[in-house]
Amino acid sequence: MRGELRRHWTEAGFIMFRDSNLTAEFHLDLSRVFGPLEVHKTREFVDDQHPELITIAMEDDRTELEVDGELGDYQSWHKDSVYLEQMQHGGVLRALQVSERGGITGFFDGIDGYNRLPEDIKKRVESLRVVYQINLPDRQPYSTRSTVRILKQSERVKSLFG
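Below or above, wherever it landed, is the structure these notes cover. (Residues numbered from 1 in each chain as written. Predicted model: local features only at pLDDT ≥ 70, side-chain atom pairs only at ≥ 80, totals over all residues. Heavy atoms only, no water.)

Across its full length, the chain carries five helices and three strands. Listing every helix and strand of the chain by position from the N terminus yields α-α-β-β-α-α-β-α. Among the 162 residues that make up the chain, the fraction classed as buried is 15%. For the chain, restricting intrachain contacts to residue pairs at least 6 apart in sequence, the fraction spanning at least 24 positions comes to 65%. By element, 50% of the accessible surface of the chain is carried by carbon and sulfur atoms, the whole surface being about 14,000 Å². (Helix = DSSP H or I, 4+ residues; strand = E, 2+ residues; numbered from the N terminus. Buried < 20%, exposed > 50% of the residue type's maximum accessible area, 1.4 Å probe, protein only. Contact = heavy atoms within 4.5 Å. Areas by Shrake-Rupley, 256 points an atom, 1.4 Å probe, with all protein chains shown as cover.)

Printed below as a string of structure tokens:
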């Protein structure tokens, strides 16, 4: 079964277990199917009982935005864990509480994306390096066609970035 899960994930790039009541233990066991686990470098999010898990939650005190007249919180395209020495091969996500609205998440296979590039572009970028940084919500590139207003900035963002 483990080999079948790994094969399917490698081929499809995505596996979803719908309408399941998955426990933290199952989450960890499933994650180990795909390789050894690491403790996340952002200690503030590490689960006290399961250090290999992190909790990402929408807080009551959050930055609120209006994007093209629609209220919400927004996270622009980003790549998780870019600071790790070894490239992260993937992640296992488990929704503990699903929002009634929003919650649209997209995934991108960077290796497949690179492989699809024309050869001339691959040659142009092969020696380039990237420096990553955290962007404040008011500096994130939401879209060239969006009208964005920051309605409220969370205390956490204020404390981290002044």
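Anyway, onward from the coordinates.
Buried within helix H2 (residues 24–33) we find Ala 24, His 27, Leu 28, Leu 30, Ser 31 and Val 33. One or two residues past the end of H2 sits Gly 35, with phi positive at roughly 145°.

As a further point, take a nonpolar patch on the surface. On the surface, Phe 14, Met 16, Leu 93 and Phe 107 cluster together into a nonpolar patch covering about 460 Å² of accessible area. Tracing the chain through its elements places Phe 14 in the loop between helix H1 (2–12) and H2. (Patch = residues over 30% accessible without salt bridge, like charges linked within 9 Å, V, L, I, M, F, W, Y side chains within 5 Å. Salt bridge = Lys/Arg side-chain N within 4 Å of Asp/Glu carboxyl O.)

What follows covers the packing of aromatic side chains. Going through the model one piece at a time under the given rule, you end up with two aromatic pairs. With a centroid separation of 4.8 Å and an interplanar angle of 50°, the aromatic rings of Trp 9 and Phe 34 are classed as tilted. Of the two residues, Trp 9 is situated in helix H1 and Phe 34 in the loop between H2 and strand E1 (64–67); the sequence distance between them amounts to 25 residues. Trp 9 sits in the buried class, given a relative accessible area of 16%. Classification of Phe 34 by relative accessible area gives partly exposed; the value is 23%. (Phe/Tyr/Trp six-rings, centres within 6.5 Å; stacked < 30°, edge-to-face > 60°.)

All chains considered together, the criterion is met by six salt bridges. A salt bridge links Arg 32 to Asp 29; the nearest nitrogen and oxygen atoms lie 3.5 Å apart. A residue pair is termed a helical-turn pair when its members lie 3 or 4 positions apart in one helix, as Arg 32 and Asp 29 do in helix H2 at three residues. The closest approach of N and O atoms between Glu 52 and Arg 32, which form a salt bridge, is 3.7 Å.

Turning next to the packing of H1 against H2. Between H1 and H2, the shortest axis-to-axis distance is 9 Å and the interhelical angle comes to 70°. Viewed along their axes, H1 and H2 adopt a mutual orientation that is roughly perpendicular. Residues Arg 2, Leu 5 and Arg 6 of H1 form the contact with H2, whose participating residues are Asp 29, Leu 30, Arg 32 and Val 33. When the residues that make up the contact of H1 with H2 are grouped by side-chain class, the tally is three nonpolar, no polar and four charged. (Axes fitted to C-alpha atoms, helices over the stretch in contact; angles between N-to-C directions. Parallel < 35°, antiparallel > 145°, perpendicular 65-115°, else oblique. Nonpolar A, V, L, I, M, F, W, Y, C, P; charged D, E, K, R; others polar.)

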